[in-house]
Amino acid sequence: MNTKRNQKIRFASFALLILTLLAFTNACKKKENPGPGSQNGAVPMPNYPQPSDADAVLVAVKSSVPSPVQMPGLGMDITIDIGMGIAVFKGNTKADKVLLNTTELTFTNGVHTWLPNFTNVTDPTALSGINLNGSITWDVTNPTIQKTLSNLPGKPQVTSGKTITRSEGYVLTNSSASGAQNVLYAIHANNKTVMKTQSGNSTSCSFTAAELAELGTTKNAIVQANAYTITDETIGGKKVYFVRQSSYSVTSVEIK
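Draft legend 1. Fine view of the overall build of the chain. Looking only at helices and strands, one finds four helices and 15 strands in the chain. Split into buried and exposed, the 256 residues of the chain put 48% on the buried side. Summed over its atoms, the accessible surface of the chain is roughly 11800 Å², and 48% of this surface lies on carbon and sulfur atoms.

Draft legend 2. Focus on the pattern of salt bridges. All chains considered together, the criterion is met by five salt bridges. With its nearest N and O atoms 2.8 Å apart, the salt bridge here joins Asp53 to Lys239. With a gap of 186 residues between them, Asp53 in the loop between helix H2 (25-28) and strand E1 (56-71) and Lys239 in strand E15 (residues 238-255) connect regions that are remote in the sequence. A residue is classified by how much of its surface remains accessible, and Asp53, at 33% relative accessible area, is partly exposed. On the basis of relative accessibility, which here comes to 18%, the residue Lys239 falls in the buried class. Note that Lys239 is salt-bridged to Asp232, the shortest N-O span being 4.0 Å.

Draft legend 3. Broad picture of the sheet that holds strand E8 (residues 145-149). The four strands lie next to each other as E4-E3-E7-E8, forming an open sheet whose pairing is antiparallel. Where the open sheet ends on each side, the last strands, each with one partner, are strand E4 (103-104) and E8. In terms of strand pairing, strand E3 (residues 97-100) meets strand E7 (residues 136-141) through four bridges, oriented antiparallel. Bridge assignment links Leu100 to a residue of E7, and that residue is Trp138.

Draft legend 4. Region of the structure containing the pairing of strand E10 (residues 170-173). Of the two faces of E10, only one is covered, namely that formed by Tyr170 and Leu172; the face formed by Val171 and Thr173 stays uncovered. In terms of strand pairing, E10 meets strand E13 (residues 204-207) through four bridges, oriented antiparallel. Residue pairing across strands places Thr173 opposite Ser204, the latter belonging to E13.

Draft legend 5. Here's a closer look at the confidence of the model for the chain. In this model, the chain carries an average pLDDT of 80, and 72% of its residues clear a pLDDT of 70 or more. Across residues 17-48 the pLDDT falls below 50, and counting only partners more than four positions away or on other chains, this stretch makes 77 contacts in the model.

Draft legend 6. The environment of Ala60, seen in detail. By the secondary structure assignment, Ala60 is in strand E1. Counting along the chain gives 27 residues from Ala60 to Ala87, while the straight-line C-alpha distance between them is 8.8 Å. Ignoring anything within four residues of it in the chain, the contact list for Ala60 reads Met84, Leu100, Leu132, Ile136, Trp138, Leu152, Val243, Arg244 and Gln245.

Quick notes on the rules
- Sequence order as written defines the numbering, with residues in each chain counted from 1.
- Given that this is a predicted model, residues contribute local features only at a pLDDT of at least 70 and side-chain atom pairs are listed and counted only at 80 or more, while totals for whole chains, interfaces and linings are drawn from all residues.
- Where side-chain values are given, they derive from all heavy atoms of the structure, hydrogens and water being excluded.
- Each helix is a run of H or I in the DSSP string that is no shorter than four residues. Each strand is a run of E no shorter than two, and both are numbered from the N terminus.
- The rule is simple: take the accessible area with a 1.4 Å probe, protein chains only, and divide by the maximum for that residue type; under 20% is buried, over 50% is exposed, in between is partly exposed.
- Only the protein chains shown count as cover for residues, and the accessible areas themselves come from Shrake-Rupley with a 1.4 Å probe.
- Each salt bridge in this description consists of a side-chain nitrogen of Lys or Arg and a carboxyl oxygen of Asp or Glu lying within 4 Å of one another.
- The pairing criterion for strands is at least two bridges between them, as found by DSSP.
- Here pLDDT means the predictor's own confidence in every residue, given as a number from 0 to 100.
- Should any heavy atoms of two residues lie within 4.5 Å, those residues are counted as being in contact.

Below you can see the structure in the form of structure tokens.
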């Protein structure tokens, strides 16, 4: 099997796992004592995977989550878009500064990140994050990496239903995402995940009953479609991988 392709899949897998931390339908209406089967809107965040030849991996991600909003006499869904950045360097070392579209990433536990601050929901910028609507520009100091890339892939909006019957299998459908190399599909439940990768023009992915069996039952599963593209380049003698990803997560999915 192609090693480089495996590395790309692992990159995207990491990014989508971080994004499940942002599935905050439960954060907006969180239970104080979640019952069995609660996903709590998150899965554990793994260590960042790095290919053996990578000196730097720079990830720009826009996460989209539809969230129900209750208004007097009207219930409606709005989609919340969050722009994020992740950067990791060989040996989990710290760069002097990492900017993504002029926003500085914070260094914590060997990784430079910008993630939303849910403790300050009154500040819109604490949730909306980095503006990733146009070109993606990285400006890194020590090591010196300056690179502008084209925009992110299009949004792979999930269009399939929010009820999964494990014994019947499930077809996850999404709108076409322009500019994607691949689409990584995932279903998270009970701190377990099943994933499949399809080509960039994919608009559906089938999960069998056997694949879904291990997830268990819940009313708080997360379904995702992640459109991504990965490129690499040698800059200043260092091998740099650039990941651009658009993700769409549907929360409060029932699995029975």
